[in-house]
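# Structural overview for review
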Amino acid sequence: MSEYEIYAIRYAHHADRPIRSNFLGGDPRDGLMPMDYFIWLIRGEAGTFVLDTGFDAGMAAKRDRALTRPIEAGLALLGVDAAEVKDVIISHMHHDHAGNHDAFPRARYHLQDREMHFCTGRCMCHAAMTQAFEVDDVVAMVRKVFAGRVRFHDGDREIAPGLSVHWVGGHSGGLQVVRVRTRRGWVVLASDATHYYANMEEGRPFSIASDVGAMLEAFATMEGLATSHAHIVPGHDPLVLQRYPAVLEGVADIVRLDADPLNG
């Protein structure tokens, strides 16, 4: 049975993010709740896969985020040349997950049918829906479609033995989570199905949602896909870097998710 290593690679950070920004309907508490930005490396005998492509320095400046390390550099620290990667999975098309358009020139991209429909259809006529998208990211993906470099999926699909994508929607119309078989069991990379552990554990959706009901249902879907609750990895929580072991000396923001959590 195929098993994979999984690495969370932080590439950016938002330090002064108010708590109220991370929960639908806000939050009565004052104070800050920082956000980390990750891409994920999945590799095993069946191949090397990258989940999401982050954003670059220009987008970091535009969105007032701190770029901590370009994604190509983060991958290189793990011995991966982005230019040689053959498969990229895009969880959804928001700007922090679908940028760096030219970083993977040899890759085919895995995307849900519903996400392409969502980010090019009538919902994008509304500013409330477009705030998390960047038109250049969407146009770049359309160009990849015409170049024959996109493999579309409709719902659940095994991409390789022990590696599958699962549509959940909620945060974005075509959001997909990734289920990975590892030595410690089935790990679910939630991406933005739950930004923080708190969103899922408290049943409180994130502040940006295309379908609140679907976002809440996604929590239960992930529980069913993962070996246990502790096998679900949120998409933006700084706690991920505290709960999993670092893999490189002197590099604290790349951690291994197929290893046992540090807190057991």
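Just so it is clear, the model here is predicted, and its values are computed rather than measured. (Residues numbered from 1 in each chain as written. Predicted model: local features only at pLDDT ≥ 70, side-chain atom pairs only at ≥ 80, totals over all residues. Heavy atoms only, no water.)

Now for a nonpolar patch on the surface. A cluster of nonpolar side chains, namely Leu-24, Val-212 and Leu-216, defines an oily patch on the protein surface of about 210 Å² accessible area. Structurally, Leu-216 is set in helix α7 (residues 212-225). Exposure remark for Leu-216: the relative accessible area of 36% places this residue in the partly exposed category. (Patch = residues over 30% accessible without salt bridge, like charges linked within 9 Å, V, L, I, M, F, W, Y side chains within 5 Å. Areas by Shrake-Rupley, 256 points an atom, 1.4 Å probe, with all protein chains shown as cover. Salt bridge = Lys/Arg side-chain N within 4 Å of Asp/Glu carboxyl O. Helix = DSSP H or I, 4+ residues; strand = E, 2+ residues; numbered from the N terminus. Buried < 20%, exposed > 50% of the residue type's maximum accessible area, 1.4 Å probe, protein only.)

Another point: the packing of aromatic side chains. Pairs of aromatic rings are described using the distance from one ring centre to the other and the angle between the two planes. Taken as a whole and judged by the stated rule, the model has 6 aromatic pairs. The structure contains a cluster of three or more aromatic residues connected by ring pairs, namely Tyr-11, Tyr-37 and Phe-55. The residue whose ring lies beneath Arg-114 is Trp-167, and the NZ or CZ to ring-centre distance is 3.8 Å. Above the face of the Trp-186 ring, Arg-179 is positioned so that its terminal group lies 3.7 Å from the ring centre. (Phe/Tyr/Trp six-rings, centres within 6.5 Å; stacked < 30°, edge-to-face > 60°. Lys NZ or Arg CZ within 6 Å of the ring centre and 35° of its normal.)

All right, on to the pattern of salt bridges then. If you walk through the whole model with that rule in mind, you get 15 salt bridges. The partner of Glu-5 in a salt bridge is Arg-256, with the nearest N and O atoms 3.4 Å apart. A residue pair is termed long-range when its members are at least 10 positions apart, and Glu-5 in strand β1 (residues 4-14) and Arg-256 in strand β14 (residues 251-256) qualify at 251 residues. When its relative accessible area of 25% is taken as the criterion, Arg-256 is described as partly exposed. The partner of Glu-134 in a salt bridge is Arg-63, and the shortest N-O contact between them spans 2.8 Å. Here Arg-63 lies in helix α1 (residues 57-63) and Glu-134 lies in the loop between α4 (127-130) and α5 (135-146), a separation of 71 residues in the sequence. When salt bridges with common partners are traced through the structure, they connect Glu-5, Arg-43, Arg-256 and Asp-258 into a single cluster.

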